[in-house]
Amino acid sequence: VEAIVEELELRTSIDALKERRILTLSDTDLFFCPFLYMAGKYAFDPFTPREREILRRYIIFGGFLFVEDAMGAKGFGFDQTFRKEIKEILPNQELKRLPADHPVFQTFYLVGSMGGRQKVNPYLEGITIDNWTPVIYSQNDLSGAWARDKFGKWIHECEPGGEGQRSSAFKLGINIIVYSLTSDYKKDLVHHPFIKRRQNL
Amino acid sequence: MTLNQVAISPVFPLWLILLLLSLGLGAALFQYWLLRKRIGNPRAVVLSLLRLGALILLISFALNLSLRTRKEQKITQSLAILLDTSQSMDLPGTAGRGSRLNEAKGILLDGPTPLLKSLTERFNIKFYGLGESLRSLEAEDLAGLKTGGREGDLAEVIDRLADRHSMAVLISDGNLKWKDDASKRLPLFAVPLGDPKGYKDILIKSVQAPVMAFRGREVIMDITVKGYGYKGLTFPVHLKEGSKIITIKNVSLNDHSAEVTIPLSFTPEELGPHHLSIGVPPQFGESLTSNNTVGFSLRVMRDKIRILMISGSPSQSYRFMRMAFKNDPSFDLLSFVVLRTPSDIINVPLQEQSLIPLPVETLFSKELRNFDLLIFDNLPSHLYLKPIYFESVREFVKGGGGLAMIGGPFFSDEGRYNGTPLEEILPVRLNEREDYRRDSSWKVGLSRAGKDHPITRLSPDEGYNLNLWQEMPPLDGINLLAAKSSGTILLECGDGNLQPILTVGAYGSGRVLVLATDYSWKWYMGMVAKGKDNWPYLRLMERMVRWLTKDPSLDSIQITLPEKRGWIGQEMEIRFKAGEEDFLSGRKGSVSLSVFDPRGLKIKSQIKKTGQGNEYLGSFLPEKEGTYKLKIEAQANRLEEHLIIASPMEGLDALPHPERLKMISQTTGGRFLSKEDDLLKEIESYAEKKERRFIELRSSPLWERPYTFIFVLMLLATEWYLRRRWGLI
């Protein structure tokens, strides 16, 4: 994650604060962390009803949750547990595939292909409430593609696309963070002609 | 006297009277029988007849005999003289006779035998002045009589006078209210005034204009112009605000008497009340020029509050503000977020970037005036804005625009604003060095001014509002600033050395606000974390925008002006609602109304509660034409409105209408008299035909007549005398 923060500072005007905080879902300070990142490979213990309610309020009232399945394959423990939990938390909302013209693909870079350590899905999934997608779910292990050791070497190879796929992972990561801070800003009419022209539409 | 003239109405039953008469007759016969032996037959007969006569007369009183007489009487007719005194009577009458009123006075008073005098001798005269209302006059008032007010309602007058008068003489130019179904019980003799053929006038007959319009949207008005005696003339009709002509259109009249309706349109750009007028320049020979102009008010509103926000970087502050602005359908947000600075490395070709250039030149040179509010959100402006644009911002605010500066690390742009026009208009002093602090947690509280200010008064309940702000979570970052003396601090933080967090001020016609933090979004999430609602933050943002843009919906006083046009002498009523906080305060006299006439002098006005919640009814009586200023004050809130009182001559169509008088007189069964007619003769001749007589019946009871009693006494006295003489006594 440190690598994406560094890249964020290098490439964008966002002044990221590198600070480690350990929070639980029941901690009220959770609401002052408007970007939650959740990742894993395996099944995890289900949330308690109170934790589910807290997370539901957090998501409904303006928080942002980016979830990654780092397994590199579909339908394993984390994926199964997360899908079940999110259904419990937001029973009336559905995790859906985000369309290609979703603002998360346009907030900073015009992202056409999904990056990540693995290319499990050629898409992102998300829960959209009105014009805001507070939950985005990736199964391509973006953080695996971002990971560097202390000497700056990539920890994981990106398969099957190699460095191009890693580059896309960074672009998508930056887009997701910028999206969490600007919402559907890129859907404002003023951006339309520029984006269309660049996408040759 | 004949028997037919005698009538009886017995006071006792008839049988009792007959019984008494029989007893009287019996008594007389008995007396005769007694006396005949003593004084002989002839004398006894005389005395008995005398007694019988007296008894019969006395008993006959019980019959209540009376004498009836019939006499035919002639009724003197009651004649009302109705003299039109409305404002059109001040216009020239028939050539050489001054005003129409003077012409009327001449008809009544001039000549060797004045008409008024002659009518007074023959009729019961009652004299009335017919203006906006009917008023009773004496003949002596005629010489000093003046015109004024709008046309009178003749139909209503007939209703009132029909039972009191047998006919009426109407002296008028025909500018009267009349309706076809009016009562026809009072015959009218109409005497026309004025010369319709020689009358020349152009007037604005009507203006169909909305009372409210939206800025930037075309307003179309329908103007009806009427002209008399200007066939073929082309002249301009202009729309003005003060002395400034807004638009103009030419109109041609194609007949001696012509009416033309034209559309006039314009696009208002300035918000607020506009006092406009539609006018026609005075033409040569016009009889009346004061009806060439009509004034009216137009309130220009926003359809939406247009906000231009430029953010220095993507941030939570931006996202939550954006969410709040997008949440309100009356806001139209155009935002630009600086996604990369010149030093950032983007490292991809343009086709893969979604970044767009910030169109500063267009925004600050051309488009800024199309917005109501400009927000700089943590913007390192030196990177994007030329100093010349700060001048545009100053002019924008001076002209009535709103400016908000939202804090953050780049808020004061390392002191680069100092010495720029922006520094001049802000309500805070900016530091030359870095002023942003994230090293502590800053608990914010309401200042004294903040407790009542519309931005921070999120609830009408003072205690609840105070608690609300105390519950707000602390901020993680603030800009250290100092308020200028012209600034008003609404929110502050710190112990002892208080730091202004939310400061407001004014510059020119505009308003300015500084929110010295980029963590206001914590007020949103903090309340959500406590399981509460998110409305305080949303309301704060909404009220910030509305206050900065002087949005009327933020006014705690809402006024409803009368729909109909106001006239001199007509009481004007204004309904208004004080805000909840003023109403809840319940303090007596906390709401006041002041009315200022067109000269700026305060005039008498009343105010009372309507009994419907916090609604009040204000009223005043205008005595002059022009624009009246209404000032409503309620606690800390104040509202000013304007109301136009029309000139009495405005829209006055004063063409003499003899044909209307003719129609009215014929409808009522009266007669239309020309000035050449012998008016007295015509009236008398009509009156003779309508002359009414009546039979007077008089009843005179006999017992009321003294000679009846004298006669009875004489009978009794004669009897007494003869009895004495004949030695019976």
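Above this note sits the structure.
Trainee: Would you explain the packing of helix α6 (residues 316-327) of chain B against helix α12 (residues 535-548) of chain B in this entry?
Mentor: Helix-helix packing is described using two parameters, namely the angle between the two axes and the distance between the axes. All names here are of chain B. Direction vectors running N to C along α6 and α12 enclose 75 degrees, while the axes themselves pass 9 Å from each other. The pairing of α6 with α12 is recorded here as roughly perpendicular in orientation. Along the contact surface, α6 presents Ser 317, Phe 320, Met 321, Ala 324, Phe 325 and Asn 327, while α12 presents Tyr 537, Leu 538, Met 541 and Val 545.

Trainee: What is the right way to read the sheet that holds strand β12 (residues 244-252) of chain B from this model?
Mentor: Two strands in a sheet stick together by hydrogen bonds in their backbones, pointing the same way (parallel) or opposite ways (antiparallel). Residues and elements named next belong to chain B. Taken together, the five strands give an open sheet; going across it, the order is β9-β15-β14-β11-β12, and neighbouring strands pair in mixed fashion. Looking along the sheet, the strands with just one partner apiece sit at the ends: β9 (212-214) and β12. Each neighbouring strand pair of the sheet contributes to a mean axis angle of 30 degrees, computed without reference to strand direction.

Trainee: What exactly am I supposed to notice about the interface of chain B and chain A here?
Mentor: Many analyses report the size of an interface as the accessible area lost when the parts associate. Taken together, the contact pairs 43 residues of chain B with 37 residues of chain A. Together chain B and chain A conceal approximately 3,600 Å² of surface at their shared face, both sides included; 58% is due to carbon and sulfur atoms. On inspection of chain B and its partner chain A, the count reaches four salt bridges. Asp 188 of chain A is paired through a salt bridge with Arg 322 of chain B; the nearest N and O atoms lie 2.8 Å apart. Seen at the junction of chain B and chain A, the total is 16 residue pairs in polar contact (both at pLDDT 80 or more). Where the side of chain B that touches chain A is concerned, the elements lending two or more residues are α6, β17 (331-337) and α11 (521-529) of chain B. The element contributing the most residues to the side of chain B that touches chain A is α11 of chain B, with eight residues. Of the residues that constitute the side of chain B that touches chain A, the class distribution is 22 nonpolar, 12 polar and nine charged.

Trainee: Looking at this structure, I do not really get the pattern of salt bridges. What am I missing?
Mentor: As a working rule, side chains carrying opposite charge can pair if their charged atoms are close by. Enumeration over the complete set of coordinates arrives at 42 salt bridges over all chains. What emerges from the salt-bridge pattern is a single network uniting Arg 215, Arg 302, Asp 328, Asp 372, Glu 542, Arg 546 and Asp 551 of chain B.

Trainee: Help me understand the packing of aromatic side chains, please; the structure alone is not making it clear to me.
Mentor: Each aromatic ring pair is characterised by the separation of its centres together with the angle its planes make. Taken as a whole, this structure holds 30 aromatic pairs over all chains when the rule is applied. Ring plane angle 50 degrees and centroid distance 5.4 Å describe the contact between Phe 44 of chain A and Phe 78 of chain A, whose orientation is recorded as tilted. One end of the pair, Phe 44 of chain A, is in the loop between β1 (35-40) and α2 (49-60); the other, Phe 78 of chain A, is in helix α3 (residues 77-89), and 34 residues separate them in sequence. Seen in terms of ring centroids, Phe 325 of chain B and Phe 331 of chain B are 6.2 Å apart; in terms of plane orientation they differ by 70 degrees. Their pairing is edge-to-face. Residue class for Phe 331 of chain B comes out buried when judged on its relative accessible area of 6%. Among the aromatic residues, ring-to-ring pairing joins Phe 44, Phe 47, Phe 78, Phe 82 and Tyr 137 of chain A into one connected group. Lying over the aromatic face of Phe 194 of chain A, Arg 197 of chain A brings its terminal NZ or CZ to 5.4 Å of the ring centre. Lying over the aromatic face of Trp 33 of chain B, Lys 37 of chain B brings its terminal NZ or CZ to 4.4 Å of the ring centre.

Trainee: In this structure, what is going on with unusual backbone geometry? I would like to understand it.
Mentor: Excluding glycine, residues mostly carry a negative phi; peptide bonds, for their part, are mostly trans. Backbone torsion omega between Glu 159 of chain A and Pro 160 of chain A reads 0 degrees, so that peptide bond is classified as cis. In this structure, Asn 378 of chain B is a non-glycine residue whose phi angle is positive, near 50 degrees.

Trainee: Explanation requested: the packing of helix α1 (residues 2-11) of chain A against helix α5 (residues 163-182) of chain A in the structure shown.
Mentor: Residue and element names in this part refer to chain A. Two numbers describe how α1 lies on α5: the axes approach to 10 Å, and their chain directions differ by 75 degrees. The orientation of α1 with respect to α5, classified from their angle, is roughly perpendicular. Between α1 and α5, the contacting residues are Ala 3, Ile 4, Glu 7, Leu 8 and Arg 11 on the first element and Phe 170, Lys 171, Gly 173, Ile 174 and Ile 177 on the second. Residue composition of the contact of α1 with α5, grouped by class: six nonpolar, one polar and three charged.

Trainee: What exactly am I supposed to notice about α11 of chain B here?
Mentor: All names here are of chain B. Among the nine residues in α11, nine count as buried, and that is most of the element. Three or more residues of α11 are buried, namely Trp 521, Lys 522, Trp 523, Tyr 524, Met 525, Gly 526, Met 527, Val 528 and Ala 529. Trailing α11 by a residue or two, Gly 531 shows a phi angle of about 80 degrees, which is positive.

Trainee: It is not clear to me how the pairing of β17 of chain B should be interpreted in this structure. Could you clarify?
Mentor: Residues and elements named next belong to chain B. The buried count for β17 comes to five of seven residues, which makes it a mostly enclosed element. Taken together, the seven bridges between strand β16 (residues 305-311) and β17 define a ladder with parallel strand orientation. Residue pairing across strands places Ile 307 opposite Leu 333, the latter belonging to β17. Since β16 and β17 lie parallel, the crossover through α6 that links them has a hand, and here it is right-handed.

Trainee: What exactly am I supposed to notice about the environment of Lys 484 of chain B here?
Mentor: Residue and element names in this part refer to chain B. Note that Lys 484 resides in the loop between β24 (482-483) and β25 (488-493). The class for Lys 484 is buried, based on a relative accessible area of 18%. Apart from the residues within four sequence positions on either side, Lys 484 is in contact with Glu 423, Glu 424, Ile 425, Leu 426, Pro 427, Val 428 and Arg 429. There is a polar contact of 3.3 Å between the side chain of Lys 484 and the backbone oxygen of Glu 424.

Trainee: What is the right way to look at the nonpolar core in this model?
Mentor: In summary, soluble globular proteins display a tendency toward joint burial of nonpolar side chains. Residues and elements named next belong to chain B. Grouped together as the largest cluster of nonpolar side chains are 144 residues, with contacts concentrated most on Phe 325, Phe 364, Phe 376, Val 393, Leu 403 and Trp 523. Beyond its immediate chain neighbours, meaning those up to four positions away, Phe 364 contacts Ile 310, Leu 374, Phe 376, Leu 385, Tyr 389, Ser 392 and Val 393. Counting 28 residues, the second largest nonpolar core, distinct from the first, contains Leu 79, Leu 83, Leu 115 and Phe 123.

Trainee: Would you mind going over the sheet that holds strand β2 (residues 64-69) of chain A with me for this structure?
Mentor: All names here are of chain A. Spatially, the five strands line up as an open sheet ordered β1-β2-β5-β4-β3, and their pairing is mixed. Each of the sheet's edge strands pairs with one partner strand only, and the pair in question is β1 and β3 (96-97). The strands that α3 touches are β1, β2, β4 (125-129) and β5 (132-138); relative to β5, the one it contacts most, it runs at about 160 degrees. The sheet contacts of α5 involve β1, β2 and β5, and relative to β5 the element is tilted by about 160 degrees.

Trainee: Help me out: how do you make sense of helix α2 (residues 41-60) of chain B in this one?
Mentor: Given 3.6 residues per helical turn, the α-helix brings residues three or four places apart onto the same face. The end-to-end C-alpha distance of α2 of chain B, which contains 20 residues, comes to 28 Å, matching closely the 28 Å that a straight helix rising 1.5 Å per residue would cover. For α2 of chain B, the full list of buried residues reads Ala 44, Leu 47, Ser 48, Leu 50, Leu 52, Ala 54, Ile 59 and Ser 60 of chain B.

Analysis parameters
Residues numbered from 1 in each chain as written. Chains lettered and ligands numbered in written order. Predicted model: local features only at pLDDT ≥ 70, side-chain atom pairs only at ≥ 80, totals over all residues. Heavy atoms only, no water. Axes fitted to C-alpha atoms, helices over the stretch in contact; angles between N-to-C directions. Helix = DSSP H or I, 4+ residues; strand = E, 2+ residues; numbered from the N terminus. Parallel < 35°, antiparallel > 145°, perpendicular 65-115°, else oblique. Contact = heavy atoms within 4.5 Å. Pairing = 2+ DSSP bridges. Buried area = accessible area lost by both parts, 1.4 Å probe. Salt bridge = Lys/Arg side-chain N within 4 Å of Asp/Glu carboxyl O. Polar contact = N/O pair within 3.5 Å; in protein donor to acceptor, adjacent residues only side chain to side chain. Nonpolar A, V, L, I, M, F, W, Y, C, P; charged D, E, K, R; others polar. Phe/Tyr/Trp six-rings, centres within 6.5 Å; stacked < 30°, edge-to-face > 60°. Buried < 20%, exposed > 50% of the residue type's maximum accessible area, 1.4 Å probe, protein only. Lys NZ or Arg CZ within 6 Å of the ring centre and 35° of its normal. Right-handed = clockwise from strand over helix to strand, strands pointing away. Core = buried A, V, L, I, M, F, W, Y, C linked by side-chain atoms within 4.5 Å. Expected span 1.5 Å × (residues − 1).

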